[in-house]
Amino acid sequence: MAERKRIGYIKRIESFSAAHRLHSPFFTDEENRALYGKCNHENGHGHNYKLEVTLKGEIDLKTGMVMNIADLKVIINEVIMKQLDHKNLDKDVPYFANYPSTAENIAVYIWDCLIEHLPILYEVLLYETDKNVAIYRGETNN
């Protein structure tokens, strides 16, 4: 009888600190203040983000792994942490010149950066605070 292929999930958790200002180029300054309130302060504010990256894939019969988690750690560090940790997202990350740096958009940005390195990427989960979490799984409405 043939061995069944098993599908597993692995998750790597990282933390980074970054500043941002919630401000959309699609609205006037007055509309931004009304929409984002104190998070639209002109000097911005910071968060200690917690990032969870989940992969879904076949568990290799020989290695017993979906992916070597040490390799996953290196990819996240190179592709995400170096770009976002201790940065002002709006000023240091060109993507956020065109999109408000909400937790949702940060999760999308992280997905877009990782997917070319991790084709088995399943989910990006980003804690902006202990109570505010954004989840992105690569879904679009197109």
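Model, not experiment: these values are computed from the prediction.

**Q** Where do I start with the UniProt feature "binding site: Zn(2+)" (unreviewed entry) in the protein chain in this structure?
**A** With numbering aligned to this structure, UniProt lists the feature "binding site: Zn(2+)" (unreviewed entry) at His20, His45 and His47. In summary, the annotated positions, though distributed over 28 residues, converge in three dimensions, the widest C-alpha pair being only 8.3 Å. Mapped onto the secondary structure, His45 falls in strand β2 (residues 45-58). Once residues lying within four places of it in the same chain are set aside, the contact partners of His45 are Ala18, Ala19, His20 and Cys39. For His47, the location among the structural elements is in strand β2. For His47, a relative accessible area of 14% translates into the label buried. Apart from the residues within four sequence positions on either side, His47 is in contact with Phe16, Ser17, Ala18, His20, Glu128 and Thr129. Within the structure, His47 has its side chain in polar contact with the side chain of His45 (distance 3.2 Å).

**Q** Looking at this structure, how should I read the pairing of β2?
**A** Working note: regular strand, side chains alternate between the two faces of the sheet. Pairing of strand β1 (residues 7-20) with β2 involves 14 bridges; the strand directions are antiparallel. Within the sheet, the bridge partner assigned to Gly8 lies in β2 and is Gly57. Relative to strand β4 (residues 121-127), β2 runs antiparallel, the two sharing six bridges. Looking at β4, one finds that Thr54 is bridged to Glu123.

**Q** Just to check I follow, could you spell out the side chain of Asn40 for this structure?
**A** By the secondary structure assignment, Asn40 is in the loop between α1 (29-36) and β2. Those residues in contact with Asn40 that sit more than four places away from it in its chain are Arg21, Leu22, His23, Asp29, Asn32 and Arg33.

**Q** What am I meant to see in the side chain of Glu14 here?
**A** Checked against the element boundaries, Glu14 lands in strand β1. Dropping the residues within four chain positions of it, Glu14 is found in contact with Tyr49, Lys50, Leu51, Lys73, Ile76 and Met81.

**Q** Looking at this model, I keep getting lost on the environment of Lys73. Mind explaining?
**A** When you line up the elements, Lys73 lands in helix α2 (residues 69-84). Residue Lys73 is classed as partly exposed on the basis of its relative accessible area of 44%. Taking the C-alpha atoms as reference, Lys73 lies 32 Å from Asn142; in sequence the two are 69 residues apart. If we skip the residues at most four places from it in the chain, Lys73 touches Arg12 and Glu14.

Rules and cut-offs
Residues numbered from 1 in each chain as written. Predicted model: local features only at pLDDT ≥ 70, side-chain atom pairs only at ≥ 80, totals over all residues. Heavy atoms only, no water. UniProt positions renumbered as here; feature names shortened; annotations may be inferred. Helix = DSSP H or I, 4+ residues; strand = E, 2+ residues; numbered from the N terminus. Contact = heavy atoms within 4.5 Å. Buried < 20%, exposed > 50% of the residue type's maximum accessible area, 1.4 Å probe, protein only. Polar contact = N/O pair within 3.5 Å; in protein donor to acceptor, adjacent residues only side chain to side chain. Pairing = 2+ DSSP bridges.

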